[in-house]
Amino acid sequence: MKIFIEIPTWLGDAVMATPAIENIVQTYPSAKFTIFGSFVSTKLFLEHPNVNNIIIDNSKSKGNRYKNLFKLAKKEKKFDLAISFRKNFTTKFLLYFIDAKKKFYYKRFDKKLKTHQVIRYNDFINRSLKINTKPQKLKIYQNLEKKESTKKILGINPGATYGSAKRWYPAEFAKVAIVLSKYYDIKIFGGPSETEIAGDIEKSLVKSGVNNYENLAGKTSVEELIENISNLDLFITNDSGPMHVAAAFDVPTVCIFGPTRHNETNQWQNTHEMLLRKEMECSPCMKRVCPLKDEKENHACMKLITAQDVLERLQQESII
């Protein structure tokens, strides 16, 4: 059986789709998958045993996007199933021209705000394929090298690709890192667009005499990011793709939430998750940038979370 799967664009969403994809594998164990998606999210499937073809979506890079998608669809051979975890117009356009016996694109059947996205993705697969499965652990296949360290490793992730509203403040990350540097070596993570905020944290560490750190912002591939996170002993992060990568490896994680729905996108089945958020009338607003203009109200969902809150939570969990 040949199955075409369009995965979510964002890294975190793609990770959250993995339990549903594993249930497709469970249903069709010998199936061969063609994975289609963004440059970042497709990296999760490089070592997947059922994946024999990966196509990076470059349709927007040059020329007419829809003409590019049409050519891509016609180039691919016939599939038994075509499944998309997306539901926008371009997805419907692509699947229309994909040669497949059966086609399904993502539908959100459960409208309840407290339903986790992992369950929604799995529900979509169950209804589409007429199966009855439960979502298990997040699954990332990668040949990982377990690195030995004389000191435990703390990872901090101050970025969030979605927008500034999801980002806690570099000064607060730095305060936590300075205290924890006595117990952990530190790795600072971030994408190419997040080097400035990572640099702000680095400056604070240097100013405080901390030198057991490594600033990896903008310097790692997705595969290297996954390997680094899998080796962490503790992770402090915003609601982001790396947060879900950490959940796949059961890394003890402090997850800092502000404008997003924590019930829907917190770490899936990580018993070591420590979620921090402040209850606000305006949250979750789901905005990329805080729309409130008043200085006291602006971004209060994040401003009110302090380094002390993080340290106290770690003490409560007997981590420090």
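What counts, and at which threshold
- Residues numbered from 1 in each chain as written.
- Predicted model: local features only at pLDDT ≥ 70, side-chain atom pairs only at ≥ 80, totals over all residues.
- Heavy atoms only, no water.
- Helix = DSSP H or I, 4+ residues; strand = E, 2+ residues; numbered from the N terminus.
- Rg over C-alpha atoms; globule rule 2.2 N^0.38 Å.
- Buried < 20%, exposed > 50% of the residue type's maximum accessible area, 1.4 Å probe, protein only.
- Contact = heavy atoms within 4.5 Å.
- Areas by Shrake-Rupley, 256 points an atom, 1.4 Å probe, with all protein chains shown as cover.
- Lys, Arg positive; Asp, Glu negative; His and termini not counted.
- Charge placed at Lys NZ, Arg CZ, Asp CG, Glu CD.
- Pairing = 2+ DSSP bridges.
- Right-handed = clockwise from strand over helix to strand, strands pointing away.
- Axes fitted to C-alpha atoms, helices over the stretch in contact; angles between N-to-C directions.

Remarks on the overall build of the chain
Turning to step 1, where the next piece is worked out: Secondary structure assignment for the chain yields 13 helices and 11 strands.
Turning to step 2, where the next piece is worked out: At 21 Å, the chain has a C-alpha radius of gyration in line with the 20 Å of a compact globule built from 320 residues.
Turning to step 3, where the next piece is worked out: Dimensions along the principal axes, computed over C-alpha positions, put the chain at roughly 60 × 50 × 40 Å.
Turning to step 4, where the next piece is worked out: Among the 320 residues that make up the chain, the fraction classed as buried is 52%.
Turning to step 5, where the next piece is worked out: Considering only contacts within the chain whose residues lie at least 6 apart along the sequence, 63% involve residues at least 24 apart.
Turning to step 6, where the next piece is worked out: Working note: accessible area of the chain is about 15,900 Å², and carbon and sulfur atoms make up 49% of it.
Turning to step 7, where the next piece is worked out: The centroid of the 50 positive side-chain charges in the chain is displaced by 9 Å from the centroid of its 35 negative side-chain charges.

As for the pairing of strand 10 (residues 253-256)
Remember that side chains alternate between the two faces of the sheet whenever the strand is regular.
Turning to step 1, where the next piece is worked out: Residue alternation in strand 10 divides its side chains into two sets, Thr 253 and Cys 255 and Val 254 and Ile 256, and both sets are buried.
Turning to step 2, where the next piece is worked out: Note: strand 9 (residues 234-238) against strand 10, 4 bridges, orientation parallel. Within strand 10, the position partnered with Asn 238 by the bridge is Ile 256.
Turning to step 3, where the next piece is worked out: Note that the unit made of strand 9, helix 10 (residues 241-248) and strand 10 has a crossover that is right-handed.
Turning to step 4, where the next piece is worked out: In the sheet, strand 10 pairs with strand 11 (residues 273-276) via 4 bridges, with the strands oriented parallel. In the sheet register, Val 254 faces strand 11, and the bridge partner there is Met 274.

Some points on the sheet that holds strand 2 (residues 32-37)
Turning to step 1, where the next piece is worked out: Strand order in the open sheet formed by 5 strands is 3-2-1-4-5, with parallel pairing between adjacent strands. In this open sheet, the two edge strands, each paired with only one partner strand, are strand 3 (51-56) and strand 5 (100-105). Sheet twist, expressed as the average angle between the axes of neighbouring strands with direction ignored, equals 15°.
Turning to step 2, where the next piece is worked out: Sheet topology note: the strand 1 (residues 2-6)/strand 2 ladder contains 5 bridges and is parallel. Within the sheet, the bridge partner assigned to Lys 2 lies in strand 2 and is Lys 32.
Turning to step 3, where the next piece is worked out: Its contacts with the sheet place helix 2 (residues 18-27) against strand 1, strand 2 and strand 4 (79-84), and it is angled at close to 160° to strand 2.
Turning to step 4, where the next piece is worked out: The strands touched by helix 5 (residues 89-97) are strand 1, strand 2, strand 4 and strand 5; relative to strand 5, the strand with the most contacts, the crossing angle is about 170°.

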